[in-house]
Amino acid sequence: MTGQKNSSSTNPVLAQSDLPYELPDFASISDDDFLPAFTAAMASHVAEVEAIAADTAPPSFANTVEALELSGRDLARASGIFFNLVGPDTNPRRNEISQELSTLLTDHANTIAMNPVLFERISDLHSRADELDLTEPQRRLLDKRYRESVRAGAGLPADAQQEMRQIASRLAYLTTTFSQKVLDDANDSAVFVEDAADLSGLSAGQIAAARRAAADAGHDTGHLLALELPTSQSVLTELTDPAVRQRVFDASVNRCARGNEHDTRELVLEIVRLRARRAALLGYRDHAEFVIAEQTAPDPASVDDLLRELNASAMRAGGRELTRLTEFAGDVRIGPADLTYWLEREKKAQAATPLDDFADYCELDTVLTHGVFHAATKLYGLRFVELSGLPVYHPDVRVWEVRDESGTGIGLFLGDFFARPSKRGGAWMNNIVDQSSVLQTQPIIVNVLNLTKPDTGEPCLLTMDQLTTLFHEFGHALHGLLSAVDYPSQSGTSVPRDFVEFPSQVNEMWALHPDVLGNYARHHRTGEAIPAELASAARESAGAETAHATIEYLAASSLDLAWHRLTEDEAKAVTDVEAFEAQALTDAGLHSELIPPRYRSTYFNHIFGGGYSAGYYSYIWSEVLDAETEQWFLSEGGLLRENGRRFAAATLSRGDSVDPLLAHEELIGRKPQVDPLLRRRGLAA
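Fair warning: this is a prediction, and the values are worked out from it, not measured in the lab. (Residues numbered from 1 in each chain as written. Predicted model: local features only at pLDDT ≥ 70, side-chain atom pairs only at ≥ 80, totals over all residues. Heavy atoms only, no water.)

## Brief notes about the confidence of the model for the protein
Just so we agree on the cut-off: What pLDDT expresses is the predictor's confidence in each residue, scored from 0 to 100. Two residues qualify as a contact provided that any one of their heavy atoms is within 4.5 Å of a heavy atom in the partner residue.
Scored by pLDDT, the protein has a mean of 94; 98% of the residues are at 70 or more. Here residues 1-8 is modelled with pLDDT under 50, and outside its nearest four sequence neighbours on either side it reaches 26 contacts, counting other chains as well.

What follows is the structure, given as structure tokens:
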């Protein structure tokens, strides 16, 4: 595989890599290399853009839009390396660099977007688009470049442009700071438990991991329960001591609102106000309208309509669930710290076949090789060959070459599965290199999870949720690996935010599919196949979504929209984060003393630190498509190569080179409907 040469052979961040697929030589890169690399890359990019703008030839797609698309390769390389490191393996120096880059890169992007001569050339092409005989990907790229410039403020008067620059720069600083504070306070809020007896209910592996975490944090004795990113903490389903459950719950819901140096409440208010002001400058009512204008959802009202329909159904289901649970628990008072514990007890009591032993059949390496990779082989003809000896960014990272049916390599897949203090919570996919036929680049994709690392020689056994997450994130990886587009900005997951979760949610369906489960589910000690009744019970359990989980998610989605439906004047009037949050949930019909949102505002990193502002609804919006597509796969025979070929051709390979919704409609033969989703979540009337 060949690629364009970079402009620098000295800075190791920018130097051409001779490793497979141009994998960065992480071993040769120090943190001190990054700022010089970015400085040089931004300077060379500006020079390229100025040359495009100064071209004396009349503007054409090739000399303007395509030339702009293919510029800045050094900057893309540096970004792919550095921002892959900040999430899974940060440190104080990287945090400082990230903070400085947040404003530098934002200012750089605005300098390009607001270049008046370049904007004039793009505007000219956009006005004549119908005359240019463009392919669909080219037309979409032209439209996107024009909209990006307009949304950056290129069409505004000079004073408004300057204000837009200041807002963008400040928002970049604030959102980066928010993410860092969330990680810092999560680490600071980890719950210390001295006596192992107080951890009754947890497995031996979980207790050992808590002891290691305490030792790593400098405690000579005791155990440390690290906090996961969402409000609900998985240990709450198993801890038998109500007092310990309460400590963990309180630590979770109070993150970043404790009045310490990690408090994010003032950040939230300033971010919301600046976003509202930017939307007003551009002529939008609010930030949600500004964001959703670029999504597959037609407008905020359509999102509101879907959420309100689901909210009402979920709260009714939640009432029934709580009544049932109260009767099950008897005289025990159930508080918000206890709800998932009792839901788990009820599930186990009612199960004809207990799921206690299910994880024994889900050892990570076996699931990955004979489950995740197996399904990808059956559907898409892929083969995975693990490579050793490559310079990865952390010792836990593993690398596979991905090959197609002919044996030709199509990219690299990196797996970074275990939690550590330097890694932010959650699970996600990164792309170090984007696929592009024009650039002759093949993808390098990373999946990041936060599994508890077992002791040496012990297996890593997956819970049902972890199993689903592994398949989910690999769905994102497939979206990147199977990309077959011309232009890098249209590659893989570079699709509208409310479509990006769709392929990953579809891939979840294979986790417990009989043809996949039967291939990987072997007892980690004996090698015996999972009993048929246990496999059946697992599928039945996974299909029974709790009202609690649905309400948690919908509350977070509604909270996100409430913050971002504020007009500029309304945003200025909000001064109390907790009070606004409570009122927003009440207005959405989702206020519950027992079920807080999946993320409270102060640690809602998706929307105040990441790219999901006014877009957290994307998961449920995409699930409408996912539920439809699951039915399509099953009706067409399930895990068949032809089905994978058709799904890849319609969705996974095309990225943003086509309208993703129209491509989906062509696949299933009609517009998506919400009924399959309602049935799946137990919300159908």
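## Here we look at the sheet that holds strand E7 (residues 444-451)
Stated formally: The criterion for strand pairing is that DSSP finds at least two bridges linking the strands in question. Helix and strand assignments follow DSSP, with helices taken as H or I runs no shorter than four residues and strands as E runs no shorter than two, numbered in order from the N terminus. Orientation is described by lines fitted to C-alpha atoms, with helices fitted over the stretch in contact, and by angles between N-to-C directions that extend from 0 to 180 degrees.
Pairing in this open sheet of five strands is mixed, and the strands run E3-E4-E5-E7-E6 from one edge to the other. Each of the sheet's edge strands pairs with one partner strand only, and the pair in question is strand E3 (383-387) and strand E6 (428-433). Shown here is a sheet whose adjacent strand axes are inclined to one another by a mean of 25 degrees, direction ignored. In the sheet, strand E4 (residues 398-403) pairs with strand E5 (residues 409-418) via six bridges, with the strands oriented antiparallel. Each bridged residue has a counterpart across the sheet, and for Arg-398 the counterpart in E5 is Gly-415. Each of E3, E4, E5 and E7 is contacted by helix H14 (residues 364-380), which is oriented at about 150 degrees to E5, the strand it contacts most.

## Considering the pattern of salt bridges
The test is simple: By definition here, a salt bridge exists when the distance from a side-chain nitrogen of Lys or Arg to a carboxyl oxygen of Asp or Glu is within 4 Å. A 1.4 Å probe rolled over the protein chains alone gives each residue an accessible area, and that area as a share of the maximum for its type sets the label: buried under 20%, exposed over 50%, partly exposed in between.
Overall, the coordinates contain 42 salt bridges when judged by the stated rule. Here Arg-139 makes a salt bridge to Asp-130, at a shortest N to O gap of 2.9 Å. Note on Asp-130: relative accessible area 69%, which makes it exposed. Between Asp-396 and Arg-420 there is a salt bridge, with its nearest N and O atoms 3.7 Å apart. Taken together, the residues Asp-396 in the loop between E3 and E4 and Arg-420 in the loop between E5 and E6 connect sequence positions 24 residues apart.

## Observations regarding the side chain of Glu-628
For clarity, the threshold we go by: For the purposes of these results, a polar contact is taken to be a pair of N or O atoms within 3.5 Å, where, inside protein, one atom must be able to donate a hydrogen and its partner to accept one; residues adjacent in sequence count only when each atom of the pair is a side-chain atom.
Inspection of the secondary structure puts Glu-628 in helix H24 (residues 618-635). One polar contact links the side chain of Glu-628 to the main-chain amide nitrogen of Gln-673, over a distance of 2.5 Å. If we ignore the near neighbours within four places in the chain, the residues touching Glu-628 are His-664, Ile-668, Arg-670, Lys-671, Pro-672, Gln-673 and Pro-676.

## Looking at the domain arrangement of the protein
The criterion, for reference: Just so you know, the domain bounds were taken from an automatic or database domain assignment. The term buried area means the drop in 1.4 Å probe accessible area that two parts suffer when joined, counted for both and summed.
Assigned domains within the protein: domain 1 (12-155), domain 2 (191-254), domain 3 (264-350 + 546-615) and domain 4 (359-544 + 620-681). Using C-alpha coordinates to define each centre, domain 3 is positioned 27 Å away from domain 4. Of the roughly 1500 Å² buried at the junction of domain 3 and domain 4 (both faces included), carbon and sulfur atoms supply 60%. Three residues stand out in domain 3 for area buried against domain 4, namely Thr-296, Leu-306 and Tyr-612, and they jointly supply 36% of the buried area on that side. At the surface where domain 3 touches domain 4, the tally comes to zero salt bridges. Residue assignment for the side of domain 3 that touches domain 4 shows that the elements contributing at least two residues are helix H12 (300-329) and helix H20 (547-564). Here the side of domain 3 that touches domain 4 takes six residues from H12, the largest share from any one element.

## Describing the pairing of E5
Within a regular strand, side chains alternate between the sheet's two faces. The element E5 is extensively covered by neighbouring structure, given that 10 of its 10 residues are classed as buried. The turn linking E4 back onto E5 is made up of five residues, and Gly-407 within it adopts a positive phi angle of 90 degrees.

## As for the pairing of E7
Most of E7 sits out of view: seven of its eight residues are buried. Where E5 lies against E7, six bridges are found, and the strand directions are parallel. Looking across to E7, one finds that Phe-418 is bridged to Leu-451. The pairing of E6 with E7 spans five bridges and is antiparallel. Opposite Asn-430, over in E7, you have Val-446 as the bridge partner.

## Some points on the environment of Arg-77
Tracing the chain through its elements places Arg-77 in helix H3 (residues 73-86). Judged by its relative accessible area of 10%, Arg-77 is buried. As for Arg-77 and Glu-22, which are separated by 55 residues in sequence, their C-alpha atoms are 10.0 Å apart.

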